[in-house]
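The residues making up each chain are set out below.
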Amino acid sequence: MALRDKWVPRYLELTPKSEALYKRARQSIPGGVNYPLRYLSPHPLYASRAEGCYIWDVDGNRYVDYWMGHFALIMGHSYRKVIEAAKEQLEAGAHLGLEHEWEVMLAEQIKKMVRSVEQVRFANSGTEANMYAVRAVRTFTGRKEVGKLEGCWHGGYDGLHKAVSYPFDAPSSAGLPEEVTGLTVTLPFNDIDGAVKIIRNRRLAAVFVELVPSQGAFNPADREFVRALRDACDETGTLLVFDEVITGFRLSPGGAQEVYRIYPDLTIFGKILGGGFMPMGAFGGRIEIMERLDQTKYVKPSERSFHGGTYAGNPLAARCGYVLMRELESGEVQERLNRLGEYAKRRLSEALERSGLEAYVTGMGSLIGLQFTPRPPRSPRDTLSMMDRELAEALYYYMLVNGVYYVSQHVPHFGLSASHAEEHIDRLAALLEDFGREVAKEKRRA
Ligand SMILES: Cc1ncc(COP(=O)(O)O)c(C=O)c1O
(Lines give C-alpha, C1' and ligand atoms only; values in the text may rest on other atoms or scores of the structure.)
Protein backbone atom coordinates (compact mmCIF):
# COMPACT_ATOMS: atom_id res chain seq x y z
CA MET A 1 0.00 0.00 0.00
CA ALA A 2 1.35 3.41 -0.94
CA LEU A 3 1.70 5.76 2.03
CA ARG A 4 -0.77 8.24 0.52
CA ASP A 5 -3.51 5.56 0.64
CA LYS A 6 -3.67 6.15 4.36
CA TRP A 7 -5.41 9.49 3.65
CA VAL A 8 -7.04 9.01 0.22
CA PRO A 9 -10.19 7.31 1.65
CA ARG A 10 -10.76 10.33 3.89
CA TYR A 11 -10.30 12.61 0.88
CA LEU A 12 -12.98 10.61 -0.96
CA GLU A 13 -15.33 10.86 2.02
CA LEU A 14 -14.91 14.63 2.18
CA THR A 15 -15.30 15.42 -1.52
CA PRO A 16 -18.30 13.58 -3.13
CA LYS A 17 -19.46 16.65 -5.04
CA SER A 18 -16.03 17.20 -6.54
CA GLU A 19 -16.04 13.54 -7.54
CA ALA A 20 -19.41 13.95 -9.27
CA LEU A 21 -18.30 17.12 -11.06
CA TYR A 22 -15.14 15.42 -12.22
CA LYS A 23 -17.17 12.55 -13.72
CA ARG A 24 -19.27 15.11 -15.59
CA ALA A 25 -16.24 17.16 -16.64
CA ARG A 26 -14.56 14.13 -18.19
CA GLN A 27 -17.37 13.85 -20.71
CA SER A 28 -16.68 17.25 -22.23
CA ILE A 29 -13.16 18.29 -21.13
CA PRO A 30 -10.15 16.04 -21.88
CA GLY A 31 -9.03 14.59 -18.57
CA GLY A 32 -11.69 16.68 -16.85
CA VAL A 33 -9.37 19.66 -16.26
CA ASN A 34 -8.03 22.67 -18.11
CA TYR A 35 -4.54 22.32 -16.67
CA PRO A 36 -3.06 18.92 -15.74
CA LEU A 37 -1.23 20.65 -12.89
CA ARG A 38 -4.61 21.01 -11.18
CA TYR A 39 -5.45 17.33 -11.58
CA LEU A 40 -5.41 15.13 -8.56
CA SER A 41 -6.10 11.40 -8.40
CA PRO A 42 -8.76 10.00 -8.04
CA HIS A 43 -10.43 13.35 -8.74
CA PRO A 44 -9.39 17.00 -8.49
CA LEU A 45 -11.01 19.52 -6.20
CA TYR A 46 -13.67 21.80 -7.63
CA ALA A 47 -13.71 25.16 -5.90
CA SER A 48 -16.82 27.21 -5.20
CA ARG A 49 -15.56 30.46 -3.67
CA ALA A 50 -12.62 32.11 -1.94
CA GLU A 51 -11.87 34.95 0.44
CA GLY A 52 -8.54 36.13 1.86
CA CYS A 53 -6.30 33.10 2.33
CA TYR A 54 -9.20 30.63 2.31
CA ILE A 55 -10.75 28.66 -0.50
CA TRP A 56 -13.90 26.50 -0.29
CA ASP A 57 -14.62 23.48 -2.41
CA VAL A 58 -18.08 22.50 -3.71
CA ASP A 59 -18.55 20.19 -0.72
CA GLY A 60 -18.13 23.12 1.65
CA ASN A 61 -14.67 22.14 2.92
CA ARG A 62 -12.46 25.10 3.73
CA TYR A 63 -8.74 25.14 2.95
CA VAL A 64 -5.95 27.54 3.79
CA ASP A 65 -4.74 28.24 0.27
CA TYR A 66 -1.00 28.35 -0.39
CA TRP A 67 -1.46 28.05 -4.15
CA MET A 68 -3.18 31.41 -4.37
CA GLY A 69 -4.38 31.26 -7.94
CA HIS A 70 -1.07 30.01 -9.35
CA PHE A 71 0.75 32.57 -7.09
CA ALA A 72 -1.06 35.48 -8.76
CA LEU A 73 -3.06 36.61 -5.73
CA ILE A 74 -0.45 38.42 -3.69
CA MET A 75 -3.09 40.25 -1.62
CA GLY A 76 -5.21 37.13 -1.15
CA HIS A 77 -8.51 36.18 -2.76
CA SER A 78 -11.21 38.77 -3.48
CA TYR A 79 -9.09 41.81 -2.74
CA ARG A 80 -11.66 44.59 -2.50
CA LYS A 81 -9.75 47.48 -4.07
CA VAL A 82 -9.12 45.55 -7.28
CA ILE A 83 -12.66 44.14 -7.34
CA GLU A 84 -14.11 47.65 -7.04
CA ALA A 85 -11.85 48.89 -9.85
CA ALA A 86 -12.92 45.95 -12.02
CA LYS A 87 -16.61 46.68 -11.39
CA GLU A 88 -16.20 50.31 -12.39
CA GLN A 89 -14.34 49.35 -15.54
CA LEU A 90 -16.98 46.76 -16.46
CA GLU A 91 -19.49 49.58 -16.45
CA ALA A 92 -17.23 51.98 -18.36
CA GLY A 93 -16.30 49.38 -20.97
CA ALA A 94 -14.24 46.30 -20.33
CA HIS A 95 -13.28 45.78 -23.93
CA LEU A 96 -12.98 48.98 -25.90
CA GLY A 97 -10.89 47.71 -28.78
CA LEU A 98 -9.01 51.02 -28.85
CA GLU A 99 -6.04 52.31 -26.95
CA HIS A 100 -6.94 53.93 -23.61
CA GLU A 101 -5.37 55.63 -20.63
CA TRP A 102 -5.17 52.64 -18.26
CA GLU A 103 -2.64 50.80 -20.41
CA VAL A 104 -0.48 53.94 -20.53
CA MET A 105 -0.74 54.33 -16.76
CA LEU A 106 0.15 50.69 -16.18
CA ALA A 107 3.13 50.89 -18.55
CA GLU A 108 4.39 54.04 -16.77
CA GLN A 109 3.88 52.35 -13.41
CA ILE A 110 5.90 49.29 -14.42
CA LYS A 111 8.73 51.53 -15.63
CA LYS A 112 8.67 53.29 -12.30
CA MET A 113 8.89 50.05 -10.35
CA VAL A 114 11.20 47.92 -12.49
CA ARG A 115 14.51 49.60 -13.16
CA SER A 116 15.48 47.63 -16.29
CA VAL A 117 12.21 48.34 -18.12
CA GLU A 118 12.28 51.30 -20.51
CA GLN A 119 9.35 50.17 -22.66
CA VAL A 120 6.77 47.45 -22.26
CA ARG A 121 4.06 45.69 -24.31
CA PHE A 122 1.08 43.80 -22.90
CA ALA A 123 -0.11 40.29 -23.73
CA ASN A 124 -2.75 38.01 -22.20
CA SER A 125 -0.63 35.48 -20.31
CA GLY A 126 2.89 34.68 -19.28
CA THR A 127 3.12 32.14 -22.09
CA GLU A 128 2.15 34.69 -24.69
CA ALA A 129 4.56 37.30 -23.32
CA ASN A 130 7.42 34.77 -23.48
CA MET A 131 6.45 33.84 -27.02
CA TYR A 132 6.61 37.43 -28.24
CA ALA A 133 9.82 38.00 -26.32
CA VAL A 134 11.47 35.11 -28.17
CA ARG A 135 10.49 36.79 -31.42
CA ALA A 136 11.81 40.14 -30.22
CA VAL A 137 15.21 38.78 -29.19
CA ARG A 138 15.54 37.00 -32.53
CA THR A 139 14.62 40.18 -34.37
CA PHE A 140 17.09 42.30 -32.42
CA THR A 141 20.06 39.93 -32.59
CA GLY A 142 19.40 38.33 -35.97
CA ARG A 143 20.15 34.98 -34.32
CA LYS A 144 17.95 31.88 -34.33
CA GLU A 145 18.83 29.80 -31.30
CA VAL A 146 17.46 30.59 -27.87
CA GLY A 147 18.82 29.30 -24.56
CA LYS A 148 16.78 28.27 -21.55
CA LEU A 149 17.66 26.77 -18.19
CA GLU A 150 16.85 23.16 -17.33
CA GLY A 151 13.67 22.76 -15.34
CA CYS A 152 12.51 26.35 -15.78
CA TRP A 153 8.91 26.86 -16.88
CA HIS A 154 7.99 29.63 -19.27
CA GLY A 155 4.55 28.41 -20.35
CA GLY A 156 3.51 26.09 -23.16
CA TYR A 157 4.97 27.94 -26.17
CA ASP A 158 6.81 25.53 -28.50
CA GLY A 159 10.05 27.49 -28.48
CA LEU A 160 10.48 27.29 -24.69
CA HIS A 161 8.64 24.08 -23.86
CA LYS A 162 11.79 22.02 -23.56
CA ALA A 163 13.62 20.42 -20.60
CA VAL A 164 10.61 21.06 -18.40
CA SER A 165 9.49 17.53 -17.47
CA TYR A 166 12.06 15.21 -16.00
CA PRO A 167 14.04 13.51 -17.55
CA PHE A 168 14.98 16.66 -19.39
CA ASP A 169 16.23 14.91 -22.54
CA ALA A 170 12.74 13.52 -23.30
CA PRO A 171 10.21 15.82 -25.03
CA SER A 172 8.09 17.73 -22.50
CA SER A 173 5.02 17.40 -24.74
CA ALA A 174 3.91 15.57 -27.83
CA GLY A 175 3.48 17.62 -30.98
CA LEU A 176 6.78 19.45 -30.73
CA PRO A 177 8.75 18.82 -33.95
CA GLU A 178 12.50 18.63 -33.58
CA GLU A 179 12.81 21.32 -36.25
CA VAL A 180 11.22 23.66 -33.72
CA THR A 181 12.71 22.51 -30.41
CA GLY A 182 16.08 22.07 -32.11
CA LEU A 183 16.42 25.84 -32.01
CA THR A 184 16.15 25.79 -28.22
CA VAL A 185 19.33 25.05 -26.31
CA THR A 186 19.16 23.96 -22.68
CA LEU A 187 21.66 25.10 -20.07
CA PRO A 188 22.29 23.52 -16.66
CA PHE A 189 20.89 25.47 -13.70
CA ASN A 190 23.30 26.78 -11.06
CA ASP A 191 26.25 25.30 -12.94
CA ILE A 192 28.49 28.21 -13.94
CA ASP A 193 31.01 26.28 -16.03
CA GLY A 194 28.38 24.25 -17.85
CA ALA A 195 26.15 27.20 -18.68
CA VAL A 196 28.90 29.67 -19.61
CA LYS A 197 30.52 27.13 -21.94
CA ILE A 198 27.29 26.76 -23.90
CA ILE A 199 26.75 30.53 -24.12
CA ARG A 200 30.29 30.95 -25.46
CA ASN A 201 30.03 28.09 -27.95
CA ARG A 202 26.67 28.94 -29.52
CA ARG A 203 25.30 32.06 -31.08
CA LEU A 204 22.25 32.37 -28.89
CA ALA A 205 19.79 35.22 -29.38
CA ALA A 206 19.05 35.16 -25.65
CA VAL A 207 19.07 33.12 -22.48
CA PHE A 208 15.74 32.88 -20.68
CA VAL A 209 15.93 32.19 -16.96
CA GLU A 210 13.59 31.83 -14.02
CA LEU A 211 15.58 33.03 -11.01
CA VAL A 212 13.44 31.20 -8.44
CA PRO A 213 12.08 28.20 -10.34
CA SER A 214 8.84 26.68 -9.12
CA GLN A 215 9.91 23.25 -10.33
CA GLY A 216 12.93 23.52 -8.06
CA ALA A 217 10.60 24.15 -5.10
CA PHE A 218 11.60 27.81 -5.26
CA ASN A 219 15.26 27.08 -4.61
CA PRO A 220 16.79 30.26 -6.06
CA ALA A 221 19.65 30.60 -8.50
CA ASP A 222 22.94 31.53 -6.80
CA ARG A 223 23.89 35.16 -7.22
CA GLU A 224 27.28 34.17 -8.68
CA PHE A 225 25.52 32.00 -11.23
CA VAL A 226 23.26 34.84 -12.38
CA ARG A 227 26.30 37.16 -12.46
CA ALA A 228 28.14 34.64 -14.64
CA LEU A 229 25.15 34.42 -17.00
CA ARG A 230 25.03 38.21 -17.24
CA ASP A 231 28.77 38.44 -17.97
CA ALA A 232 28.79 35.61 -20.52
CA CYS A 233 25.80 37.15 -22.30
CA ASP A 234 27.50 40.55 -22.44
CA GLU A 235 30.68 38.98 -23.74
CA THR A 236 28.89 37.19 -26.60
CA GLY A 237 26.19 39.67 -27.62
CA THR A 238 23.52 37.38 -26.15
CA LEU A 239 20.50 38.96 -24.50
CA LEU A 240 19.52 37.95 -20.98
CA VAL A 241 15.81 37.57 -20.23
CA PHE A 242 14.43 37.13 -16.71
CA ASP A 243 11.07 35.41 -16.52
CA GLU A 244 9.55 37.19 -13.52
CA VAL A 245 6.03 35.89 -14.06
CA ILE A 246 6.00 34.61 -10.45
CA THR A 247 8.67 36.76 -8.82
CA GLY A 248 7.77 40.09 -10.47
CA PHE A 249 6.40 42.72 -8.03
CA ARG A 250 6.43 39.99 -5.36
CA LEU A 251 9.98 39.64 -4.08
CA SER A 252 10.29 43.43 -4.17
CA PRO A 253 8.48 46.17 -6.09
CA GLY A 254 11.19 45.76 -8.73
CA GLY A 255 11.03 41.96 -8.68
CA ALA A 256 13.80 39.41 -8.19
CA GLN A 257 16.24 41.43 -10.29
CA GLU A 258 16.22 44.13 -7.62
CA VAL A 259 16.99 41.54 -4.93
CA TYR A 260 19.89 40.17 -6.98
CA ARG A 261 20.88 43.64 -8.20
CA ILE A 262 21.57 42.06 -11.58
CA TYR A 263 19.52 43.36 -14.46
CA PRO A 264 18.27 41.66 -17.62
CA ASP A 265 17.79 43.05 -21.11
CA LEU A 266 14.15 41.99 -21.09
CA THR A 267 11.75 40.92 -18.35
CA ILE A 268 8.61 38.80 -18.64
CA PHE A 269 5.65 39.55 -16.37
CA GLY A 270 2.30 37.87 -15.70
CA LYS A 271 0.09 36.71 -12.83
CA ILE A 272 0.18 39.59 -10.28
CA LEU A 273 0.41 42.04 -13.19
CA GLY A 274 -3.30 41.71 -14.04
CA GLY A 275 -4.40 42.60 -10.52
CA GLY A 276 -4.20 38.92 -9.54
CA PHE A 277 -7.31 37.70 -11.32
CA MET A 278 -7.32 39.20 -14.82
CA PRO A 279 -5.36 37.27 -17.45
CA MET A 280 -2.41 39.43 -18.40
CA GLY A 281 1.24 39.17 -19.39
CA ALA A 282 3.86 41.65 -20.49
CA PHE A 283 7.40 41.84 -21.78
CA GLY A 284 9.59 44.86 -21.49
CA GLY A 285 13.14 46.11 -21.20
CA ARG A 286 15.77 48.02 -23.14
CA ILE A 287 14.42 50.51 -25.61
CA GLU A 288 16.70 49.38 -28.49
CA ILE A 289 15.12 45.93 -28.31
CA MET A 290 11.54 47.04 -27.69
CA GLU A 291 11.58 49.61 -30.46
CA ARG A 292 11.86 46.76 -32.94
CA LEU A 293 8.12 46.42 -32.31
CA ASP A 294 7.47 50.07 -33.19
CA GLN A 295 5.30 50.20 -36.33
CA THR A 296 6.28 53.83 -36.94
CA LYS A 297 10.00 53.04 -37.01
CA TYR A 298 9.82 49.65 -38.68
CA VAL A 299 7.09 50.16 -41.20
CA LYS A 300 7.76 47.03 -43.25
CA PRO A 301 6.29 43.92 -41.58
CA SER A 302 9.39 41.97 -42.57
CA GLU A 303 11.55 44.27 -40.40
CA ARG A 304 9.26 44.59 -37.42
CA SER A 305 8.78 42.09 -34.59
CA PHE A 306 5.03 41.59 -34.60
CA HIS A 307 3.05 41.59 -31.39
CA GLY A 308 -0.64 42.32 -30.80
CA GLY A 309 -4.00 40.73 -30.04
CA THR A 310 -7.70 41.31 -29.48
CA TYR A 311 -7.34 41.68 -25.73
CA ALA A 312 -3.72 42.92 -25.61
CA GLY A 313 -3.62 45.72 -23.03
CA ASN A 314 -7.40 45.64 -22.50
CA PRO A 315 -8.69 48.25 -20.02
CA LEU A 316 -10.16 45.79 -17.54
CA ALA A 317 -6.88 43.95 -16.96
CA ALA A 318 -4.82 47.14 -17.24
CA ARG A 319 -6.90 48.99 -14.65
CA CYS A 320 -6.88 46.03 -12.23
CA GLY A 321 -3.13 45.79 -12.69
CA TYR A 322 -2.60 49.49 -12.18
CA VAL A 323 -4.63 49.59 -8.97
CA LEU A 324 -2.69 46.65 -7.57
CA MET A 325 0.68 48.07 -8.66
CA ARG A 326 -0.04 51.25 -6.73
CA GLU A 327 -0.60 49.10 -3.63
CA LEU A 328 2.68 47.30 -4.19
CA GLU A 329 4.79 50.30 -5.14
CA SER A 330 6.04 51.27 -1.69
CA GLY A 331 7.32 47.76 -0.92
CA GLU A 332 5.59 47.57 2.47
CA VAL A 333 3.47 44.59 1.44
CA GLN A 334 6.51 42.73 0.11
CA GLU A 335 8.57 43.49 3.24
CA ARG A 336 5.86 42.04 5.45
CA LEU A 337 5.52 39.03 3.17
CA ASN A 338 9.26 38.45 3.10
CA ARG A 339 9.33 38.53 6.91
CA LEU A 340 6.46 36.04 7.01
CA GLY A 341 8.40 33.90 4.53
CA GLU A 342 11.42 33.87 6.84
CA TYR A 343 9.15 32.95 9.73
CA ALA A 344 7.65 30.12 7.65
CA LYS A 345 11.06 28.75 6.73
CA ARG A 346 12.12 28.77 10.38
CA ARG A 347 8.94 27.16 11.66
CA LEU A 348 8.90 24.49 8.95
CA SER A 349 12.58 23.67 9.54
CA GLU A 350 11.96 23.29 13.28
CA ALA A 351 8.96 21.07 12.53
CA LEU A 352 11.10 18.88 10.28
CA GLU A 353 13.76 18.56 12.95
CA ARG A 354 11.24 17.51 15.57
CA SER A 355 9.43 15.15 13.21
CA GLY A 356 12.51 13.22 12.14
CA LEU A 357 11.62 13.69 8.45
CA GLU A 358 14.54 14.02 6.08
CA ALA A 359 13.76 17.14 4.08
CA TYR A 360 14.97 20.65 3.29
CA VAL A 361 13.13 23.92 3.34
CA THR A 362 14.00 26.14 0.39
CA GLY A 363 12.67 29.35 -1.07
CA MET A 364 13.04 33.08 -1.30
CA GLY A 365 10.86 35.77 0.21
CA SER A 366 7.22 34.69 0.23
CA LEU A 367 7.89 31.65 -1.97
CA ILE A 368 8.66 28.53 0.05
CA GLY A 369 9.49 24.93 -0.94
CA LEU A 370 9.82 21.63 0.83
CA GLN A 371 12.20 19.05 -0.55
CA PHE A 372 12.23 15.42 0.47
CA THR A 373 15.71 14.83 -0.88
CA PRO A 374 18.72 13.04 0.65
CA ARG A 375 20.91 16.13 0.25
CA PRO A 376 20.26 19.83 -0.27
CA PRO A 377 19.14 20.31 -3.88
CA ARG A 378 20.82 22.95 -6.05
CA SER A 379 18.62 22.90 -9.13
CA PRO A 380 15.28 21.75 -10.53
CA ARG A 381 17.21 18.71 -11.83
CA ASP A 382 18.19 17.79 -8.26
CA THR A 383 14.67 18.38 -6.99
CA LEU A 384 12.94 16.39 -9.70
CA SER A 385 15.45 13.53 -9.72
CA MET A 386 15.95 13.12 -5.98
CA MET A 387 12.54 13.94 -4.52
CA ASP A 388 10.98 11.11 -2.51
CA ARG A 389 7.73 11.13 -4.46
CA GLU A 390 5.95 8.73 -2.15
CA LEU A 391 6.52 11.01 0.80
CA ALA A 392 5.64 14.14 -1.16
CA GLU A 393 2.36 12.60 -2.35
CA ALA A 394 1.46 11.34 1.10
CA LEU A 395 2.05 14.81 2.55
CA TYR A 396 -0.19 16.25 -0.12
CA TYR A 397 -3.21 14.13 0.83
CA TYR A 398 -2.47 14.53 4.53
CA MET A 399 -2.58 18.32 4.15
CA LEU A 400 -5.72 18.21 2.00
CA VAL A 401 -7.72 16.22 4.53
CA ASN A 402 -6.51 18.66 7.17
CA GLY A 403 -7.67 21.73 5.28
CA VAL A 404 -4.50 22.91 3.52
CA TYR A 405 -4.23 23.40 -0.23
CA TYR A 406 -1.00 23.86 -2.17
CA VAL A 407 0.78 22.52 -5.26
CA SER A 408 2.11 20.21 -6.32
CA GLN A 409 1.73 16.59 -5.32
CA HIS A 410 5.32 15.92 -6.32
CA VAL A 411 7.07 19.19 -5.55
CA PRO A 412 5.52 20.84 -2.49
CA HIS A 413 5.77 24.60 -2.77
CA PHE A 414 3.86 27.39 -1.15
CA GLY A 415 3.09 31.02 -1.93
CA LEU A 416 2.20 33.45 0.83
CA SER A 417 -0.19 36.35 0.42
CA ALA A 418 -0.97 39.46 2.43
CA SER A 419 -3.93 37.53 3.88
CA HIS A 420 -1.75 34.90 5.53
CA ALA A 421 -0.58 35.39 9.10
CA GLU A 422 1.75 33.67 11.55
CA GLU A 423 -1.15 31.61 12.91
CA HIS A 424 -1.60 29.96 9.49
CA ILE A 425 2.09 29.17 9.33
CA ASP A 426 2.04 27.77 12.86
CA ARG A 427 -0.72 25.39 11.86
CA LEU A 428 1.12 24.38 8.69
CA ALA A 429 4.24 23.62 10.74
CA ALA A 430 2.24 21.68 13.33
CA LEU A 431 0.66 19.59 10.57
CA LEU A 432 4.08 18.89 9.04
CA GLU A 433 5.34 17.73 12.41
CA ASP A 434 2.31 15.47 12.92
CA PHE A 435 2.74 14.09 9.43
CA GLY A 436 6.33 13.15 10.33
CA ARG A 437 5.06 11.23 13.36
CA GLU A 438 2.46 9.43 11.25
CA VAL A 439 5.14 8.44 8.76
CA ALA A 440 7.40 7.16 11.55
CA LYS A 441 4.49 5.10 12.90
CA GLU A 442 3.85 3.58 9.49
CA LYS A 443 7.54 2.76 9.09
CA ARG A 444 7.63 0.99 12.45
CA ARG A 445 4.54 -0.97 11.48
CA ALA A 446 5.99 -2.02 8.10
C1 LIG B 1 7.78 31.55 -14.45
C2 LIG B 1 6.59 31.37 -15.33
N3 LIG B 1 6.65 31.80 -16.60
C4 LIG B 1 5.62 31.69 -17.44
C5 LIG B 1 4.43 31.11 -17.03
C6 LIG B 1 3.29 30.99 -17.98
O7 LIG B 1 2.31 31.90 -17.63
P8 LIG B 1 0.77 31.64 -18.02
O9 LIG B 1 0.34 30.44 -17.26
O10 LIG B 1 0.08 32.91 -17.61
O11 LIG B 1 0.74 31.45 -19.49
C12 LIG B 1 4.32 30.66 -15.72
C13 LIG B 1 3.07 30.04 -15.26
O14 LIG B 1 2.98 29.33 -14.31
C15 LIG B 1 5.42 30.77 -14.86
O16 LIG B 1 5.38 30.34 -13.59
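Residues numbered from 1 in each chain as written. Predicted model: local features only at pLDDT ≥ 70, side-chain atom pairs only at ≥ 80, totals over all residues. Heavy atoms only, no water.

A. Region of the structure containing the pairing of strand β2 (residues 54-57). Every second residue of β2 is oriented toward a common face, with Y54 and W56 on one face and I55 and D57 on the other, all of them buried. The pairing of strand β1 (residues 47-51) with β2 spans four bridges and is antiparallel. For R49, the partnering residue across the bridge sits in β2 and is W56. Counting the residues in the hairpin turn of β1 and β2 gives two residues, including G52, whose phi is positive at 60°. Relative to strand β3 (residues 62-65), β2 runs antiparallel, the two being bridged by three bridges. (Buried < 20%, exposed > 50% of the residue type's maximum accessible area, 1.4 Å probe, protein only. Helix = DSSP H or I, 4+ residues; strand = E, 2+ residues; numbered from the N terminus. Pairing = 2+ DSSP bridges.)

B. Representation of the side chain of K345 within the structure. Assignment of secondary structure puts K345 in helix α13 (residues 332-355). Sequence-distant contacts of K345, that is, excluding residues within four places in its chain, are made with V361, T362, G363, M364 and I368. (Contact = heavy atoms within 4.5 Å.)

C. Representation of empty space enclosed by the protein in the model. All told, the structure shown has one cavity of 30 Å³ or more when counted by the stated rule. Taken as a whole, the largest cavity spans an internal volume of roughly 50 Å³. If you go around the largest cavity, the residues you meet are A72, L73, I74, M75, G76, H77, S78, Y79, G275, G276, F277 and L324. Mapping the lining of the largest cavity onto the domain boundaries places at least three of its residues in each of domain 1 (3-77 + 332-445) and domain 2 (80-328). (1 Å grid on protein atoms, 1.4 Å probe; cavity = no way out; pocket = protein on both sides within 12 Å on 5 of 7 lines; lining within 4 Å. Points joined across faces, edges and corners; volume = space filled by probe spheres on them. Domains from an automatic or database assignment.)

D. The nonpolar core, seen in detail. Ranked by size, the top nonpolar core spans 121 residues in total, and within it I110 and F249 carry the most contacts. The element contributing the most residues to this core is helix α15 (residues 389-401), with 10 residues. Other than its neighbours up to four places away in sequence, I110 contacts V117, V120, F122, F249, F269 and L273. A129, A205, F208 and V241 belong to the second largest nonpolar core, which has 22 residues in total. (Core = buried A, V, L, I, M, F, W, Y, C linked by side-chain atoms within 4.5 Å.)

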